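This is what each chain is made of:
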Amino acid sequence: QYLLQDVDGDKSAAPLSAYCFMTGFVNSVIFSAVFVWCAFQTGNTVQLSLAIARLFSGPPGQRDLSFHLADQQALCSLITFILGATIARIGDKIGCKTRAWLVLGTFIQCICTMAAAIAIWKSGQGSVADVRDNPAWSNALSFVCIGFMSASMGLQGIMGKRLNTQFTTTVVLTTTWCELMVEPSLFHIRRLVKSRDHKAVAIVFLFLGGFIGRALLDQIGSAGTLAIGTGIRFII
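Reading the values: the criteria
Residues numbered from 1 in each chain as written. Predicted model: local features only at pLDDT ≥ 70, side-chain atom pairs only at ≥ 80, totals over all residues. Heavy atoms only, no water. Helix = DSSP H or I, 4+ residues; strand = E, 2+ residues; numbered from the N terminus. Rg over C-alpha atoms; globule rule 2.2 N^0.38 Å. Buried < 20%, exposed > 50% of the residue type's maximum accessible area, 1.4 Å probe, protein only. Contact = heavy atoms within 4.5 Å. Areas by Shrake-Rupley, 256 points an atom, 1.4 Å probe, with all protein chains shown as cover. Lys, Arg positive; Asp, Glu negative; His and termini not counted. Charge placed at Lys NZ, Arg CZ, Asp CG, Glu CD. UniProt positions renumbered as here; feature names shortened; annotations may be inferred. Core = buried A, V, L, I, M, F, W, Y, C linked by side-chain atoms within 4.5 Å. Polar contact = N/O pair within 3.5 Å; in protein donor to acceptor, adjacent residues only side chain to side chain. Phe/Tyr/Trp six-rings, centres within 6.5 Å; stacked < 30°, edge-to-face > 60°. Lys NZ or Arg CZ within 6 Å of the ring centre and 35° of its normal. Expected span 1.5 Å × (residues − 1).

### Quick notes on the overall build of the protein chain
Next, step 1: Helix and strand counts for the protein chain come out as 8 helices and 0 strands.
Next, step 2: In the protein chain, the succession of α and β elements from N to C terminus is α-α-α-α-α-α-α-α.
Next, step 3: Relative to its length of 236 residues, the protein chain is compact, with a C-alpha radius of gyration of 19 Å against a globular reference of 18 Å.
Next, step 4: Expressed as lengths along the three principal axes of its C-alpha atoms, the size of the protein chain is roughly 60 × 40 × 40 Å.
Next, step 5: Looking at the protein chain as a whole, 47% of its 236 residues are labelled buried.
Next, step 6: Within the protein chain, residue pairs in contact and separated by at least 24 positions form 71% of the contacts whose partners lie at least 6 positions apart.
Next, step 7: Accessible surface for the protein chain amounts to roughly 12,100 Å². Of this, 67% is attributable to carbon and sulfur atoms.
Next, step 8: Averaging the locations of the 18 positively and 12 negatively charged side chains of the protein chain gives two centres separated by 5 Å.

Right under this line is the structure:
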């Protein structure tokens, strides 16, 4: 009965803050390697639209008809993000706010992060790209890594959204920034305002996740960083 009870969204700030931390953490790994986001699908969608537009650029016979590696990686991320979000529909059957689903769904995210760590470890590829034209990841196993990371973000985003809190989806900050800036109590700094403060916490934790993820990346590489991310997911 306890596991099938709905959680109180107002008391879920700690795990949702950790979700935001993981968004920055995981994105720091993938962006440092291939300049593609696994959570921010706006950028990937626009990148794919530019790839299609490139097919019609230039005179006939001289057009670039190749499917660039960066575009392949963006497409892989977008598709697997959607698949991860589709998995979140399981929660609608169990109860999207129940403790049972929130524990199970976060554990699935943990498994996806672990699979990504193993894939990039076995790939034997680097961790940080020097320039956009020379990504650190290019082989098949690196695509597997991108897929699992993006799927975990898709699942996390829907789970965060279903809780309907000030943290919104926990994977996108543009909306959070906009809602924070139009908050009527934005400058009421002498008192706590949940609608403002939780948005600010989401932004700060995502920033910290990106910072710490990049710092670890320089020391222990992509696989080690994702392994630590797996541990954090398990704690959540």
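### Focus: the UniProt feature "transmembrane region" (unreviewed entry) in the protein chain
Next, step 1: UniProt's entry tags residues 16-40, 100-121, 136-155 and 200-217 with the feature "transmembrane region" (unreviewed entry), counted in the numbering of this structure.
Next, step 2: Helix makes up 76% of residues 16-40 and strand 0%, whereas the separation of the span's terminal C-alpha atoms amounts to 17 Å.
Next, step 3: The annotated region residues 100-121 carries 100% helix and 0% strand content, and the separation between its end C-alpha atoms amounts to 32 Å.

### What about unusual backbone geometry?
Next, step 1: The phi dihedral of Phe35 falls on the positive side, at around 60°, and the residue is not glycine.
Next, step 2: Mapping Phe35 onto the fold places it in the loop between helix 1 (13-34) and helix 2 (41-54).

### Concerning the nonpolar core
Next, step 1: Ranked by internal contacts, the top residues of the largest apolar core, which has 29 residues, are Ile30, Val34, Trp137, Cys145, Met149, Met153 and Leu226.
Next, step 2: Elements with a minimum of two residues in this core: helix 1, helix 3 (69-87), helix 5 (99-123), helix 6 (140-163) and helix 8 (194-235).
Next, step 3: Among the elements that make up this core, the one with the highest residue count is helix 1 (8 residues).
Next, step 4: Setting aside residues no more than four positions away along its own chain, Leu226 makes contact with Val29, Thr113, Ala116, Ala117, Ile120, Cys145 and Met149.
Next, step 5: Counting residues in each nonpolar core, the second largest holds 12 residues, with Tyr19, Leu102, Met159 and Ala202 among its members.

### Structural notes on the side chain of Thr113
Next, step 1: Checked against the element boundaries, Thr113 lands in helix 5.
Next, step 2: A polar contact of 3.4 Å, which involves the side chain of Thr113, links it to the side chain of Arg233.
Next, step 3: Ignoring any residue separated from it by four or fewer positions in sequence, one finds Thr113 in contact with Ser152, Leu226, Gly229, Thr230 and Arg233.

### Brief notes about the packing of aromatic side chains
For any pair of aromatic rings, the description consists of the separation of the ring centres together with the inter-plane angle of the planes.
Next, step 1: Applying the stated criterion across every chain, the model contains 4 aromatic pairs.
Next, step 2: Residues Trp37 and Phe40 carry aromatic rings whose centres are separated by 5.1 Å and whose planes lie at 55° to one another, so their mutual orientation is tilted.
Next, step 3: What makes Phe40 partly exposed here is its relative accessible area of 21%.
Next, step 4: The residue whose ring lies beneath Arg99 is Tyr2, and the NZ or CZ to ring-centre distance is 4.0 Å.
Next, step 5: In this structure, Lys122 packs its charged tip against the face of Trp121, placed 5.2 Å from the ring centre.

### What to know about the environment of Lys194
Next, step 1: For Lys194, the location among the structural elements is in helix 8.
Next, step 2: Sequence separation between Lys194 and Thr165 is 29 residues; the distance between their C-alpha atoms is 9.9 Å.
Next, step 3: In contact with Lys194, other than residues within four places in its own chain, are Asp10 and Gln166.

### Notes on helix 5
Next, step 1: Relative to the 36 Å expected for 25 residues at 1.5 Å per residue, helix 5 spans 36 Å between its end C-alpha atoms, a close match to the ideal helical length.
Next, step 2: A positive backbone phi angle near 70° is found at Gly124, which sits one or two residues after helix 5.

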